[in-house]
Amino acid sequence: MEQGIVFSIEEFSVYDGPGIRTTVFFKGCPMRCNWCHNPEGLEPRVQIVKNPNGCLHCGACERVCPDRKKCILCGSCIAACPRNLIRFSGEIYTAERLTKKLLKNADYLNECGGGVTFSGGECLLYADFLAEVIGNLKGKVHTAIQTCGYADSEKFKRVLSVVDYVMYDLKVMDREGAVRYTGCDNTLILKNYQILSDSGVPFVARVPLIPGVTDTGENLKAIAERVKNSNASGVELLPYNKMAGSKYKLVGKEYQPVFDEKAEVNIDTALFEREGIPVKVM
């Protein structure tokens, strides 16, 4: 039986596709974008996360831990924390259980012209599970995925055969730059972008604007050229979130951007408009 690990389900979202939506965030991502603002979604496993803000450093969590070298997810530290700063991140769902949960608000979402969006992390990490859930929802509520596109092409096609709408990330178009800033070669991403364009599924290209990385004139021109020669409905620009590093301590990591995060982002909508590409700043 296929299963998926979800770390958040957010209702009444207005930034994850058409209308008001319920957004499901899957846990796990194959990429390591230097600007990632959701480190909680990187690892494809259930984790224990600790909020350092307000910690008394009382040692209660350590005293009850049966194995300080390797977390066994017993949850003892969660119960021991006097300020409730420790919790599980990630919940395992079967397709049946997740479908049932998402259908509870289907009538309301349909009335609002919205639906359900699957994001992450990277939702295509669970492509078989995802296709099953979307298949269960088909005809009952509008479905969408938000993806980086780094996934097995055949599994991507399976998801495309059932989903209603796609938000597809285009980040760093230069191969060497893509490896440096995202940890992945972009060859597969561009291949899947063409598969998406040829599929007939409505989609929009999404561009996270990272200062000095993705917002350069050269990179944006390359994105515009790719979009212009595809069936994308347009481009959505997502300016860099300057609070990107705030969650890293939750998962015991340090935020280490290799770009100037204080620099102003280049929001060049005119570049896309000159090419006749509809553009929106999110």
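Criteria and cut-off values
- Residues numbered from 1 in each chain as written.
- Predicted model: local features only at pLDDT ≥ 70, side-chain atom pairs only at ≥ 80, totals over all residues.
- Heavy atoms only, no water.
- Pairing = 2+ DSSP bridges.
- Helix = DSSP H or I, 4+ residues; strand = E, 2+ residues; numbered from the N terminus.
- Axes fitted to C-alpha atoms, helices over the stretch in contact; angles between N-to-C directions.
- Parallel < 35°, antiparallel > 145°, perpendicular 65-115°, else oblique.
- Left-handed = near helix turned anticlockwise from the far one by under 90°.
- Contact = heavy atoms within 4.5 Å.
- Phe/Tyr/Trp six-rings, centres within 6.5 Å; stacked < 30°, edge-to-face > 60°.
- Salt bridge = Lys/Arg side-chain N within 4 Å of Asp/Glu carboxyl O.
- Buried < 20%, exposed > 50% of the residue type's maximum accessible area, 1.4 Å probe, protein only.
- 1 Å grid on protein atoms, 1.4 Å probe; cavity = no way out; pocket = protein on both sides within 12 Å on 5 of 7 lines; lining within 4 Å.
- Points joined across faces, edges and corners; volume = space filled by probe spheres on them.
- Nonpolar A, V, L, I, M, F, W, Y, C, P; charged D, E, K, R; others polar.

1. Here we look at the sheet that holds strand β7 (residues 142-147)
Sheet strands pair via backbone hydrogen bonds, and the direction of the pair is either parallel or antiparallel.
Okay, step 1: Reading across from one edge, β5-β1-β2-β6-β7-β8-β9-β10-β11 is the order of the nine strands in this open sheet, with mixed pairing throughout. With partners counted over all chains shown, the strands left at the sheet margins are β5 (91-94) and β11 (279-281), one partner each. Across the sheet, the axes of successive neighbouring strands diverge by a mean angle of 30°, strand direction being ignored.
Okay, step 2: As defined by bridge partners, β7 adjoins strand β8 (residues 165-169) across four bridges and the pair is classed as parallel.

2. Examining the pairing of strand β1 (residues 3-13)
Okay, step 1: With four bridges joining them, β1 and β5 adopt antiparallel strand pairing. Of the residues in β5, the one forming a bridge with Gln3 is Thr94.

3. Comments concerning the packing of helix α3 (residues 95-103) against helix α5 (residues 127-137)
Okay, step 1: Packing of α3 against α5 leaves a shortest axis separation of 9 Å and a crossing angle of 40°. Taken together, the axis directions place α3 and α5 in an arrangement best described as oblique. The chirality of how α3 crosses α5 is right-handed. Contact residues: α3 offers Ala95, Leu98, Thr99, Leu102 and Leu103, while α5 offers Phe129, Glu132, Val133, Asn136 and Leu137.

4. Looking at the packing of aromatic side chains
Okay, step 1: Considering all chains together, one arrives at ten aromatic pairs under this definition.
Okay, step 2: Grouped by ring-pair contacts, the aromatic residues Phe26, Phe118, Tyr126 and Phe129 constitute a single cluster.

5. Structural notes on the pattern of salt bridges
Two side chains with opposite charge may pair up if their charged atoms get near one another.
Okay, step 1: Evaluation of the coordinates by the stated rule reveals 13 salt bridges.
Okay, step 2: Its salt-bridge partner being Lys157, residue Glu154 comes within 3.3 Å of it at the nearest N-O pair. Of this pair, Glu154 and Lys157 both sit in helix α6 (residues 153-160), three residues apart, which is roughly one turn of the helix.
Okay, step 3: Here Glu154 falls in the exposed class, since its relative accessible area comes to 53%.
Okay, step 4: By relative accessible area, which is 39% here, Lys157 ends up partly exposed.
Okay, step 5: Here Glu225 and Lys228 are joined by a salt bridge, their closest N and O atoms 3.5 Å apart. In this pair, Glu225 and Lys228 are both assigned in helix α9 (residues 217-228), three residues apart and thus about one turn of the helix distant.
Okay, step 6: Using a relative accessible area of 40% as the deciding quantity, one classes Glu225 as partly exposed.

6. Some points on the layout of surface pockets
Okay, step 1: For the largest pocket, the calculated volume is near 1,000 Å³.
Okay, step 2: Residue lining of the largest pocket: 38 residues in total, with His37, Asn38, Gly120, Gln146 and Leu238 positioned closest to the centre.
Okay, step 3: Listing elements by their share of the lining of the largest pocket, those giving two or more residues are β1, β7, β9 (203-209) and β10 (235-239).
Okay, step 4: Element by element, the count of residues in the lining of the largest pocket is highest for β1, at four residues.
Okay, step 5: Split into classes, the residues belonging to the lining of the largest pocket amount to 18 nonpolar, twelve polar and eight charged.
Okay, step 6: In this model, the second largest pocket occupies a volume close to 460 Å³.
Okay, step 7: Residue assignment for the lining of the second largest pocket shows that the elements contributing at least two residues are β3 (47-50) and α1 (60-63).
Okay, step 8: The leading source of residues in the lining of the second largest pocket is β3, at four residues.

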